[in-house]
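Here are the chains, one letter per residue:
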Amino acid sequence: MIIILPVLIPLLTAICGLLVQKSSIGRRWFFGFSAWVQFGLAIYLVREAWVSGTQGLYLGGWEAPIGITLVLDMLSALMVGMATLMTLACTIYGFYEQKVEDKHPLRLPLIQLLLVGMNLSILTGDLFNLFVAFEVMLLASYALITLEADDWDVRQAFPYVAINIFGSAFFLIGCGFTYGLFGSLNFADIALQSEQMLADGEGSPYQVELLAMLMVFVFAIKAGAFPLYYWLPNSYPILPPALAGLFSGMLTKVGVYVLIRWLGTVMPHDLDFIYNVLVWVGIASMFFAVLGAVSRNFIRGILSFHIPSQIGFMLLAIGFFTPYAFAAGIFFLLHNIMAKGSLFLCGGVVTFLCGSDDLKKTGNLWVASPLLGVVFFVQAMSLAGLPPFSGFWGKYMIIREGIALGEYVLVGFALAASVLTLFSMLKIWLASFWTENPDVKPRVDDKRWRKMTYAVGGIAIVSLFMGLGAQLFVELSMMASEHVLDRVGYAESILTGREFR
Amino acid sequence: MAASGILIAIFAPLVGMVLLALLGERLKTNVRWFALPFPLLSFALIVLETIGHSAGTQNFIHVGSWIPGLGLDFLILIDGLSLFFGLVVSGVGVLIFFYASQYLDDHYAHHDRFYAYLLLFMAAMLGTVFSGNLLLMFVWWELTGIASFFLIGFLHNKAESRAGARMAFMVTITTGLLMLAGIMLVSEVTGSFNLNEILSQPIDPSHSLWVAAFLLIAIGGFGKSAQFPFYFWLPNAMAAPTPVSAYLHSATMVKLGVFLTARIYPMFSEVDLWTPVLTTIGLTTFIIASVFALISHKLKAILAYSTVAALAFLISFYGMAPAAGVQWDLMHIQNHVFYKGCLFMVVGIVTHCTGMTDIRQLGGLRKRMPLLATITAISAASMAGVIVTFGFLSKDYALAEKFDYMTEYGSFMPAMPLVLFILGSILKVAFSLRLFWHIFMGEEPEAVGKHFHAPSFGVQLSPLILAVATVFFGLFPSLLQGFYEKLAVPGLHAELKPNSLYLWHGFDNIAFQLSAAILAIGALLYFVLDRFTGWRWEGIPKAIRLDDAFEWGVARIPKFGNLVNQSVRADTATAYIPIISATFIAVFGAYIVYNPAVLGALAGKWQMPFHEAEVIALLTATLIAVAAQGILIASRWTTQLIFTSIVGFLITFYFVLFRAPDLAMTQILIEAATLIMVLLLLARFPRRAQAGEVTGKAQALLKTSNSVIAIGVGVIVGSLTLIFGLAPSAPIGPWYIENTLEKAYGTNAVNTILVDFRALDTLLEVGVLLIAGLGILALLMRRKRTPAEMREGAHGQGGLGIDPEPKR
Amino acid sequence: MQSTDSPIFKSVAVVMFFIVNLFALYLLFRGHNMPGGGFIAGVATSVAVILLSFGMGLEAAQKILRSDPIRIATWGFLIATLSGVLPMFFGLPYLTTFNYKAYELPVIGDFYIGTPLSFDIGVYMVVVGVITKVIFVIAESTSQEHRLVRIAESGYCARSEEPIEEDPLRKSEEVPIHPDK
């Protein structure tokens, strides 16, 4: 019963927000309150997954595989936790970005609708429902990306919309093929059937492999893997920082989550061809994207290019395809959501203070606003993978697995990409924080930047805790990886209605 | 007691840092007196710990599991090495904090931050040296790098500070990452990061992973200790205020490489490459750095290069250690700490009092600063190795050791170390002499007097203490014998002969004779060079300055990134969809073509006979494909629109063929609504588009390639459809048709699926419609950009989400 | 879009409006047993409203709807969402259906009243609201009715935003986007 709430609460919140159009303080309070409730609920879900393991909710009372099933396991609980955390932070951050009467009245409802899409993508146990969830998520993101856009921005948003629609078309084709192959769209059902199909010698391995590949292709477009990420770095910078934080933190990561779910839970575990391709695609994304990042001269541009670069690390972990590597990938995923999101928000505060995020037009911030500097530095170092911040442990786990597998070349590439990441983070740090720029007078008198920084600081504290108290998150990731990879357990705990076939 | 004492010693500075960071701003310059107790406390605790330490033991204290899932235990190792380094870090820390309290004046802003960084650094250093877990050590190790980044960049309004900080950070972090890989290899081989467990395992020293681990960890040490080829960052790190240089870049942080070498000695000393690698790198650096020290001009650069040389000597010293273990290594380190810390502080005072940083601008200061001149004389003498100073002992014992090595243990070019060491020592004498002479002797240039102000006694106190200690221990070295015996580390140190540390070994001692010769030749070299050549005005040749090369590379990386970005067409919006489609074609096409089973299955499908209905369906599908191609080929957008409509209506027909009235009905209504909407939008299209896009050669090429890609995607998707066969063995669909009335109380299965079985899909698809409507409404209202803002592109105000100040 | 001058077209449009709407309602209510349902009915009604606006002009057509179409859509969405929430109070999963049979109604025949129906009505309202609103606004925008665009967009845009096709003639008479301020 409770599993539907992460979808239902934001949905109802959004509807209420649409019915009360006028931006006002009270409306803000309402959305803020709802975001807190959702975050609390997500933490409860994590506890629930910790205690009871994988469990399903049969919507409409139709048991799997008849109706739509929502599935809660550790991974989905953690991802919902992250989604709600980022939404909470970005919502609160957004409150102070502009005066209440200047706000776009649709932003808050659309954020909630975006969250509906994300939460449902995470929780669903049904391929077509996943498609629908993606549609909600993407439509909300299309609306958000053009919401406060001006003439120039709209042009930049076009590739984003076009390519995601393109990807959705492939997704739909994939759904059709899946039904054609397995006669069902339920994850648990597919998992069991594909296993059986291979065991019976019925159906051919290449069918399963091609299907898996097709969906991986779709999810790789959403997640942003080389060379499918191009739409990303040029369209994310047009978002207002509060939204950029949410998009960069959560939206692309949903693609990675689905990839993990698809390859880990739904598809058989012997698709070595795909894993090998993923590994090298990961390395390529890491490199080409980070090189793009160092070539940019404004904060949002640099950070946008880092998204696919970090996705590369996750793909690497998925491609290794061991339980430990999955745990590493999940840990890294969780870390990256917070680090990337908060860096965008920090970039927003820089923009707020300096009036631009062009590195040439920023400066003096380490003197003017050390608080922001600390938050930014912690998260930047976390992104670059320095101990004792969370990013280090994620990278450490991935690299350790690489070494254990004897993939020294890949490890070498990953380390080199980390150095370039560090370099681009230092580029921002030196230009925005340390440089004494006589043309820039940070407007620290406007106290709103403090509140914005507190909102980012909240994520930074969680992130810092994830670094210093990594044990908890390591255990959670291990458990999540266990849940994801346990196909039979997943199918058995969900598929109670097999007599319907 | 043991663990808690050390823990407090490590974490007290950390607490201090937090306190200063939070409260320091209000204290202004008085913050210095609040910072001083923390190093004092740490020092006192470590002294107590040393007193209680029983000689030759290693205590591993498991404080707790930090991240057991990753093998990270909070394991503290208390042994001679860690205690010695702990004493150095905290002891010099006390002196430096005091020195800084005198040195930093109102010209410097943010004293609180300065002391906070210093405390962070101190905590990180203590953490590093007391770590008994390699991963834990790495964590602290990188933290020293972070603290050093902030300290070097303390005067961050200067470009050279920023560049220096970045260079140091990049080099140490990069090498640190390699070291991490090495540490992971160690754990891969031994299964643990805990030193006690690693050391207790028998390991084959020729295991390839073990050798790789050694090399990687050694690179980490080389990076931190600024060894060849990483030596270039240290002189640039001298952009930091002098107390920082004295503390981090001479006495403590750069010694981490040496510490690391000693720490891993028991693990790797039997690896074949141990001696060749450490000796070659060490001695190469020793010579290069000594030459650079001689021809540098910045006061701190001279000292920086001399530090590099000293560290190089220490690393090569461990590299040549005999099988039984090393002796007197701690003495060499202690010697360097004494004289180099002192010299840095002196140089800082000189710069402070005269405003000069270049040795060529200085001279004759002995009259103005007699005390400082004395201190410098002592320390420089110690650096050169003049008798009665501690440096003499160090050099004496080192020479004896090298000589023994040559005669007894040498397996790798036995004479080379001795020769190179002598050569380096001669250069060292020369630059020591130069340092003293050019500052304090000779004529005083006019410019010096203009800004001169006399140093306070307080600021000279710290160097004075070190200078006195240099002489004191130089005269009475035997007092330290017990100290070193106590700090012996099993597996690292050879047993010391009783009473073997004394000053005078007699004239007929080869080491003494060499030492005297070195002094004489070094002095001669200096005076000859000084009198007869203009070398002192020359600098380090541009061609061999690796720091310039580094900066060049740093400046090129963004351009290279841009080039790569352009060449993969990541910034060309029109290329995105073709690239994605091409990737799709390439991946799936390759899979299909190279997989005979797939090809066979496809061929089988083609040979199957067609049903009549299938013929019509095929015809319709072909028509759809042709119409879709028409969209690509048509040049007027109105024609394209017509083709789009044709595709839509053909799809409706296709649905009818498959007996799906709901779908057909919906599709045709949607087509109608879309058509209305597009016709409404007619007026909004730009003239150029209305008249049809300009056609030219490039356009034709583009159309062809798009058309080819479209056909390719179509062929692949078509093949996939055939491959999947779309005939599942046990589909779920029929169940709905059978049970729609009974379970969902409706005869129309499509609708019962929509509103009952899979109602969530419907609900959310309706939500999608609503969101799309909202999105369209949002699109129709927009902030306008002026042409100037338009040109600014991504840097413009749009989308920044900030209110355009200051109006409103 | 201006209203047409032809009285014949006007009256035809009005008549058609009622016929199409009746047909739409028929589609809506029979959906459970025959092809039809909320979505199709919604599209049909929207087409009828559009037709009416061709005949009588945009403002008149909007008046018929009485309130902002997006509000209708939002309420519809709320109804659809809540019709699934209801069973949750009885401890059943979200979207479980309740059905009450009503026999032998005229035209439609056997019929079930329950949450599927309210769900379908919600769907119908969303479809009508969104399609009409979008077409109205686009029509107003393309026919340079900036005053109408501003009114229609009030509540869906930020203060600093302007209609994309601002006509220079009307720039002087500023209409506040938020009428309440």
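Residues numbered from 1 in each chain as written. Chains lettered and ligands numbered in written order. Predicted model: local features only at pLDDT ≥ 70, side-chain atom pairs only at ≥ 80, totals over all residues. Heavy atoms only, no water.

Some details on the overall build of chain A
The helix and strand inventory of chain A stands at 20 helices and two strands. In summary, chain A has a C-alpha radius of gyration of 22 Å against a globular reference of 23 Å for 501 residues, a match within 12%. Along the first, second and third principal axes, the C-alpha set of chain A runs to 75 × 55 × 40 Å. The positive charge centre, built from 28 side chains, and the negative charge centre, built from 32, are 14 Å apart in chain A. (Helix = DSSP H or I, 4+ residues; strand = E, 2+ residues; numbered from the N terminus. Rg over C-alpha atoms; globule rule 2.2 N^0.38 Å. Lys, Arg positive; Asp, Glu negative; His and termini not counted. Charge placed at Lys NZ, Arg CZ, Asp CG, Glu CD.)

A closer look at the overall build of chain B
Looking only at helices and strands, chain B features 34 helices and three strands. The C-alpha atoms of chain B give a radius of gyration of 38 Å, which is well past the 28 Å a tight globule of 808 residues would have. Over its C-alpha atoms, taken along the principal directions, chain B stretches across nearly 115 × 65 × 50 Å. Classification of the 808 residues of chain B by burial places 57% in the buried group. In chain B, of all internal contacts separated by at least 6 residues, the share reaching a separation of at least 24 is 77%. (Buried < 20%, exposed > 50% of the residue type's maximum accessible area, 1.4 Å probe, protein only. Contact = heavy atoms within 4.5 Å.)

Re the pairing of strand β1 (residues 59-67) of chain B
As judged from the seven bridges shared by β1 of chain B and strand β2 (residues 72-78) of chain B, these two strands associate in the antiparallel manner. Following the sheet pairing, His-62 of chain B is matched in β2 of chain B by Leu-75 of chain B. (Pairing = 2+ DSSP bridges.)

Topic: the pattern of salt bridges
Applying the stated criterion across every chain yields a total of 15 salt bridges over all chains. The residue Glu-148 of chain A makes a salt bridge to Arg-107 of chain A at a minimum N-O spacing of 3.0 Å. Of the two residues, Glu-148 of chain A sits in the loop between α5 (127-147) and α6 (151-182) while Arg-107 of chain A sits in helix α4 (residues 107-123), which places them 41 residues apart along the sequence. In this structure Glu-148 of chain A comes out as buried when scored by relative accessible area, which is 15%. Exposure remark for Arg-107 of chain A: the relative accessible area of 3% places this residue in the buried category. When the shortest N-O distance is used, the salt bridge between Arg-263 of chain B and Asp-79 of chain B registers 2.9 Å. Placement of the pair is Arg-263 of chain B in helix α12 (residues 256-268) and Asp-79 of chain B in the loop between β2 and α4 (80-103), with a sequence separation of 184 residues. For Arg-263 of chain B, a relative accessible area of 6% corresponds to the buried category. In this structure Asp-79 of chain B comes out as buried when scored by relative accessible area, which is 0%. (Salt bridge = Lys/Arg side-chain N within 4 Å of Asp/Glu carboxyl O.)

A word on the environment of Ser-296 of chain B
Residues and elements named next belong to chain B. Along the chain, the position of Ser-296 falls in the loop between α13 (274-295) and α14 (299-319). Owing to a relative accessible area of 5%, Ser-296 belongs among the buried residues under this scheme. When the C-alpha positions of Ser-296 and Pro-235 are compared, they lie 9.9 Å apart, and in sequence the two are 61 residues distant. Not counting chain neighbours up to four residues away, the residues in contact with Ser-296 comprise Ala-301, Ile-302, Tyr-305, Arg-434 and Ile-540.

Digging into the interface of chain C and chain B
Each side of the interface is counted separately: chain C has 52 residues, and chain B has 42 residues. Of the roughly 4,500 Å² buried at the junction of chain C and chain B (both faces included), carbon and sulfur atoms supply 75%. At the boundary of chain C and chain B, one finds zero salt bridges. Joining chain C to chain B, the criterion identifies two residue pairs in polar contact (both at pLDDT 80 or more). No other element matches the 15 residues that helix α5 (residues 115-142) of chain C contributes to the side of chain C that touches chain B. (Buried area = accessible area lost by both parts, 1.4 Å probe. Polar contact = N/O pair within 3.5 Å; in protein donor to acceptor, adjacent residues only side chain to side chain.)

What to know about the nonpolar core
Grouped burial of nonpolar side chains is what soluble globular proteins tend to show. In this structure, Trp-262 and Trp-393 of chain A together with Trp-233 and Phe-268 of chain B are the most contacted members of the largest nonpolar core, which totals 532 residues. The element best represented in this core is helix α13 (residues 323-354) of chain A, accounting for 22 residues. The residue makeup of this core includes at least three contributed by each of domain 1 (574-746) and domain 2 (747-794) of chain B. Excluding residues within four positions of it along the chain, Trp-262 of chain A makes contact with Leu-127, Thr-178, Leu-211, Ala-212, Met-215, Val-216, Phe-219 and Met-267 of chain A. One finds Trp-62 and Ile-66 of chain A together with Ile-732 and Tyr-736 of chain B within the second-largest nonpolar core, a separate group that totals seven residues. (Core = buried A, V, L, I, M, F, W, Y, C linked by side-chain atoms within 4.5 Å. Domains from an automatic or database assignment.)

Digging into the environment of Trp-210 of chain B
All names here are of chain B. On the secondary structure map, Trp-210 appears in helix α9 (residues 208-224). Look at Trp-210 and you get buried, because its relative accessible area is 1%. In this structure the C-alpha to C-alpha distance between Trp-210 and Val-271, which are 61 residues apart in sequence, comes to 8.2 Å. Beyond its immediate sequence surroundings of up to four residues, Trp-210 is in contact with Val-186, Val-189, Thr-190, Ile-198, Ile-203, Asp-204, Pro-205, Met-267, Phe-268 and Val-271.

Re the interface of chain B and chain A
Between chain B and chain A, the contact holds 114 residues from the first and 132 residues from the second. Across the interface of chain B and chain A, roughly 11,100 Å² is buried in total on both sides, 72% from carbon and sulfur atoms. It is Leu-70, Tyr-591 and Phe-724 of chain B that lose the most area in chain B upon contact with chain A, and together they represent 7% of the buried surface on that side. In this structure, the connection of chain B to chain A is made through one salt bridge. With a closest N to O distance of 2.6 Å, Arg-758 of chain B and Asp-126 of chain A form a salt bridge. The tally of links between chain B and chain A comes to 17 residue pairs in polar contact (both at pLDDT 80 or more). Residue composition of the side of chain B that touches chain A, by class: 71 nonpolar, 23 polar and 20 charged. (Nonpolar A, V, L, I, M, F, W, Y, C, P; charged D, E, K, R; others polar.)

What to know about the packing of α4 of chain B against helix α20 (residues 457-475) of chain B
All names here are of chain B. Close contact between α4 and α20 brings their axes to 7 Å; oriented N to C, the two are set at 155 degrees. The angle between α4 and α20 falls in the class roughly antiparallel. For the element pair α4 and α20, the recorded crossing hand is left-handed. Listed contacts from α20 to Leu-95, Phe-98, Tyr-99, Gln-102 and Tyr-103 of α4 are Gly-458, Val-459, Leu-461, Ser-462, Pro-463, Ile-465 and Leu-466. Among the residues making up the contact of α4 with α20, the classes are represented as nine nonpolar, three polar and no charged. (Axes fitted to C-alpha atoms, helices over the stretch in contact; angles between N-to-C directions. Parallel < 35°, antiparallel > 145°, perpendicular 65-115°, else oblique. Left-handed = near helix turned anticlockwise from the far one by under 90°.)

Observations concerning the packing of aromatic side chains
Residue and element names in this part refer to chain A. Within this structure, the stated rule accounts for 98 aromatic pairs over all chains. Note on Trp-429 and Trp-434: the rings are 6.0 Å apart at their centroids and 65 degrees apart in plane angle, and the pair reads as edge-to-face. Of the two residues, Trp-429 and Trp-434, both sit in the buried class. (Phe/Tyr/Trp six-rings, centres within 6.5 Å; stacked < 30°, edge-to-face > 60°.)

Some remarks on the domain arrangement of chain B
All names here are of chain B. Splitting chain B by domain gives domain 1 (574-746) and domain 2 (747-794). Taken over C-alpha atoms, the centre of domain 1 sits 23 Å from the centre of domain 2. Each partner contributes to the interface: domain 1 provides eight residues, whereas domain 2 provides eight residues. A combined buried area of about 770 Å² lies between domain 1 and domain 2, and 74% of that area is made up of carbon and sulfur atoms. Among the residues of domain 1 in contact with domain 2, Asp-662, Tyr-736 and Ala-744 are the three that bury the most area, contributing 53% of the side total. In terms of residue count, helix α31 (residues 733-744) provides more of the side of domain 1 that touches domain 2 than any other element does, six residues in total. Per-class residue counts for the side of domain 1 that touches domain 2 are five nonpolar, two polar and one charged.

Side note on unusual backbone geometry
Residues Phe-226 of chain A and Pro-227 of chain A are joined by a peptide bond in cis, for which omega reads -10 degrees. Looking at the secondary structure, you find Pro-227 of chain A in the loop between α8 (205-223) and α9 (231-235). A cis amide bond, omega 0 degrees, links Pro-387 of chain A with the succeeding residue Pro-388 of chain A. Here Pro-388 of chain A shows up in the loop between α15 (370-384) and α16 (390-404). Positive phi, normally seen in glycine, also occurs at Ala-226 of chain B, with a value near 55 degrees. Looking at where Ala-226 of chain B falls in the secondary structure, it is placed in the loop between α9 and α10 (233-236).

Considering the pairing of strand β2 (residues 69-72) of chain A
All names here are of chain A. Every second residue of β2 is oriented toward a common face, with Thr-69 and Val-71 on one face and Leu-70 and Leu-72 on the other, all of them buried. Direction of pairing for strand β1 (residues 55-58) relative to β2: antiparallel, over a ladder of four bridges. Bridging across to β2, Tyr-58 finds its partner in Thr-69.

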